[in-house]
Amino acid sequence: MPQIVLHQWEMSPFCNKTRRCLRYKGLAFSAVDYNGLLARKAASLTPVGKLPVLDYDGERVGDSSRIAEFLDRKHPAKLLYPKDPQALASARLWEDWAGASLYFHEIYFRMLDPVSLERGLDLICKGRPQWERMVLKAVFKRRYPKKLKQQGLARLPRAEVERQFFTLLTDLDTLFKQRQWLAGDALSIADLSVVAQIDELVRTSDLAPRVLALKSLEAWYGRCNQEAPGR
């Protein structure tokens, strides 16, 4: 078996996605968490300076999508990206939607809600001194409202953001009344990308009961967690 090390922030949905990819393929790996102010060291791992980063037998790959493609090349038995052209196109679109749209809802509800923020800080500061938690809290409260204002969600009333978010989830729930998976007839990178975003919101947000009250969505969430756990 290859020696695999995942460099991660546990609370990151993109790291969640990568853990799911590895587990779906049945690959053993160890994880290095960059909790607290160790996060500064993550910037030196790759030129991009973001996590996740994967070390695979001495080869280093950054970015969750590039890691997933790399794992398919190394371990093609259980493909993350379907062979069928239609399913592949759909999977890539879902993956992009998860990272470009759903992600901003996840960080909105995690970072702008005081209770969720504290839960997120518990995750990313686990095992670190209390003073580092205070520093990161100040950084998060300064960085994320600005980031979300630039994106646009933070300019809207909370009730409107919730309405938009649950419209998206209701649409997903409707899709799952007729299908098991998002792209094709098997779990794919589409499912792992979307479920990772939803999973991180469920982990820290008081909205979790409302999310999982959508029964077809909840059933899909359970299937994903059974085949490729993220936690």
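Our subject is the structure listed above.
Now for a quick tour of the structure.

Rules used throughout
- Residues numbered from 1 in each chain as written.
- Predicted model: local features only at pLDDT ≥ 70, side-chain atom pairs only at ≥ 80, totals over all residues.
- Heavy atoms only, no water.
- Salt bridge = Lys/Arg side-chain N within 4 Å of Asp/Glu carboxyl O.
- Helix = DSSP H or I, 4+ residues; strand = E, 2+ residues; numbered from the N terminus.
- Buried < 20%, exposed > 50% of the residue type's maximum accessible area, 1.4 Å probe, protein only.
- Core = buried A, V, L, I, M, F, W, Y, C linked by side-chain atoms within 4.5 Å.
- Contact = heavy atoms within 4.5 Å.
- Expected span 1.5 Å × (residues − 1).
- Polar contact = N/O pair within 3.5 Å; in protein donor to acceptor, adjacent residues only side chain to side chain.

## What to know about the pattern of salt bridges
Next up, step 1: All told, the structure shown has 21 salt bridges when counted by the stated rule.
Next up, step 2: Put simply, Arg110 and Glu106 hold a salt bridge, and the shortest N to O gap is 3.2 Å. Here Glu106 and Arg110 lie together in helix α4 (residues 85–111), a separation of 4 residues that amounts to about one turn.
Next up, step 3: For Glu106, a relative accessible area of 2% corresponds to the buried category.
Next up, step 4: Measuring nitrogen to oxygen at the nearest pair gives 2.9 Å for the salt bridge that ties Asp199 to Arg231. Residue Asp199 is located in helix α8 (residues 189–204), and its partner Arg231 is located in the segment after α10 (215–227); the two are separated by 32 residues in the primary sequence.
Next up, step 5: Judged by relative accessible area, Asp199 falls into the buried class, the value being 2%.

## A word on the nonpolar core
Next up, step 1: Of all hydrophobic cores here, the largest spans 67 residues; its most connected members are Leu172, Val194, Ile198 and Trp220.
Next up, step 2: Take this core: its biggest share by element is 12 residues, from α4.
Next up, step 3: With near-sequence residues (within four places) excluded, Trp220 lies in contact with Phe176, Gln180, Trp181, Leu182, Asp191, Val194, Val195 and Ile198.
Next up, step 4: Among the nonpolar cores identified, the runner-up in size contains 6 residues, and Cys15, Tyr34, Leu51 and Val53 belong to it.

## Quick look at helix α1 (residues 13–24)
Next up, step 1: Helix length check: α1, at 12 residues, gives a terminal C-alpha distance of 16 Å against a target of 16 Å (1.5 Å per residue), a fit within 8%.
Next up, step 2: For α1, the complete set of buried residues consists of Pro13, Cys15, Asn16, Lys17, Thr18, Arg19, Arg20, Cys21, Leu22 and Tyr24.
Next up, step 3: Buried residues along α1 sit against β1 (4–8), β3 (53–56), α3 (64–74), α4, α8 and α10.
Next up, step 4: Residue Ser12 occupies the N-cap position of α1, its side-chain oxygen lying 3.1 Å from the main-chain nitrogen of Phe14.
Next up, step 5: After α1 finishes, the residue Gly26 shows a positive phi value of roughly 70°.

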